[in-house]
Amino acid sequence: MTNSLLPIFILSSSRKILQVNEPAIQQFKLNLAYNGFLAMDEPSNMKWTRFVKHLKYIKEAEETFYIRTANNEYELVRFKCHYHVKNEEIVAHATILNHLDDTAYDLYFTQEDNRYPLFSTYDKIPHGIILTNANDMIFDLNKHAAMYLKREKSQVLDSAHKSIFDSFNLKDSELSYYFSKLTEEKFATIHVVDQSQSNRALYYEISSVFDCKKNLIVTTLLDETEKIELQQKVEHQQALNVVGQMAASIAHEIRNPLTSLKGFTDLLKIDATEDAQMYLSVIDSELQRMEQILSELLMLSKPANINVELLEFDKIVQNVIEFMMPDALMKNVMIQFISSPMTVLIEGNENRLKQVVLNLIKNAIESMYNGGTVKIEMCINRGSLLELSITDEGSGMTNETIENLFQPFYTTKTTGTGLGLPFVKKVIEEHNGEIVIESELKKGTRFSLHFPIYSFDPLDTLSPNEKDSNYLVT
Ligand code: ADP
Ligand code: MG
């Protein structure tokens, strides 16, 4: 220290001068009689306290202060400090900035008063960026950072670095691990959750880099909500797949005893009393319901049928409508069918497609407790897709229902199985098709299916207008 040509101070945390070298005394015209403390102007005083706190934490830091000399003048001085933990001393290498050029002044003042306009230019970047200075104070952030922290920029500026984590419920141990990593490795990452919104948790990755040279902590906030949600969905799906496979094999096993039960109830009916007949018919209908669940379950778990042929989808739909008509009439529901303007062929499996249309029409009828019309329309979409839409005037669906529609066993009906739509989805995927759902509560729902067209029937001589009027109303 005595050999150095540059001013060096050894100070206590409270700024008592413990030792000082000759260049320091000379350059700073120090009045060592001044209580033995390094005197500063008031703003620097406040800055010092924060600076020391930070320095003890990161061990090495730089900062600029206004130092009072013996002539009662102030010098702008940059201190490059090391903190010696053992002696609890601060070794400060000082540079008087007044003796340097004007840019040093500019730097000091822009940083203090106007702040760096650095990150306002980065507002368009879709991540949050926060800058913290050596005094542990946030001095700039971009728009996304303020948005993710749910605070105004002005509310974040000047707060401590730690305040970034205020809106996330972190354990003390997680935070201290993060800070100790940042101190030791100059880099730390943490994953946080914002639970303040009741309907959706938001996930962020917060990473900080400590730049020793510039004495800055640069923190980035990445919104990883979509990624996490996707991961959760995949995990859920995998769990369901296992459950689905198990359910299918159980269904198989249950089928046989069920057949015997049915046979024996039929036998019992022959000479049962009137009371017993009543109970037996309840047993019968319950057995029927069990059988329906089993057959839907087995249908869903069946592998894709390789029996593919060229089909006139129009005819399949017509067939199903005829089959459903009695049920619809009983529930006061009309079915209106508008077929496609020309005959189109698609590649597919007739049986499975029939089941799809049946499931959709059944759901549509079931959604209309007070009757109404189900409109089924076929048209050619974007030149190469056949569209079948099934529109009802029923209850419509809540967002929650729409989100869960295709989950096996999801049902809002007391006697539902929740297996219809998962099956529909599976079959549509097998046919390289797509499903589009539009729904409005209390207004109705529209399921549209899109299939690739194999070919248009070349022998189809009907003009589109004539075909258009080919509809059936019940
Ligand atoms: P299920 O009909 O046995 O309940 P699905 O898989 O066919 O099972 O349907 C799942 C759920 O989706 C239904 O319980 C219902 O809440 C909702 N849903 C399906 N189609 C409609 C529709 N057309 N209108 C209103 N809700 C519907
Ligand atoms: Mg259904």
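1. Examining the packing of helix 8 (residues 274-301) against helix 12 (residues 420-430)
Here helix 8 crosses helix 12 at 25°, and the two axes come no closer than 9 Å. The orientation of helix 8 with respect to helix 12, classified from their angle, is roughly parallel. The interaxial crossing formed by helix 8 with helix 12 has left-handed handedness. Residues Glu296, Met299, Leu300 and Ser301 of helix 8 touch helix 12, and the partners they reach there are Gly420, Pro422, Phe423 and Lys426. In terms of residue class, the contact of helix 8 with helix 12 is made up of four nonpolar, two polar and two charged.

2. A word on the pairing of strand 7 (residues 138-141)
Sheet topology places strand 6 (residues 128-132) next to strand 7; three bridges connect them, and they run antiparallel. Each bridged residue has a counterpart across the sheet, and for Thr132 the counterpart in strand 7 is Ile138. In this antiparallel pair of consecutive strands, strand 6 and strand 7, the connection spans five residues, and Asp136 shows a positive phi of 65°.

3. Overview of a nonpolar patch on the surface
A cluster of nonpolar residues, Val242, Met246, Ile250, Ile254 and Met290, forms a patch on the protein surface that exposes about 440 Å² of accessible area. Sorting elements by how many residues they give to the nonpolar patch places helix 7 (residues 225-270) first, with four residues. As for its placement among the helices and strands, Met290 is situated in helix 8.

4. Some thoughts on unusual backbone geometry
The backbone phi angle of Lys59 is positive, close to 75°, even though this residue is not glycine. Considering the arrangement of structural elements, one finds Lys59 in the loop between helix 2 (42-58) and strand 3 (60-68). With a relative accessible area of 34%, Lys59 lands in the partly exposed category. One non-glycine residue, Glu88, lies in the positive phi region at around 55°.

Rules and cut-offs
Residues numbered from 1 in each chain as written. Chains lettered and ligands numbered in written order. Predicted model: local features only at pLDDT ≥ 70, side-chain atom pairs only at ≥ 80, totals over all residues. Heavy atoms only, no water. Axes fitted to C-alpha atoms, helices over the stretch in contact; angles between N-to-C directions. Helix = DSSP H or I, 4+ residues; strand = E, 2+ residues; numbered from the N terminus. Parallel < 35°, antiparallel > 145°, perpendicular 65-115°, else oblique. Left-handed = near helix turned anticlockwise from the far one by under 90°. Contact = heavy atoms within 4.5 Å. Nonpolar A, V, L, I, M, F, W, Y, C, P; charged D, E, K, R; others polar. Pairing = 2+ DSSP bridges. Patch = residues over 30% accessible without salt bridge, like charges linked within 9 Å, V, L, I, M, F, W, Y side chains within 5 Å. Areas by Shrake-Rupley, 256 points an atom, 1.4 Å probe, with all protein chains shown as cover. Salt bridge = Lys/Arg side-chain N within 4 Å of Asp/Glu carboxyl O. Buried < 20%, exposed > 50% of the residue type's maximum accessible area, 1.4 Å probe, protein only.

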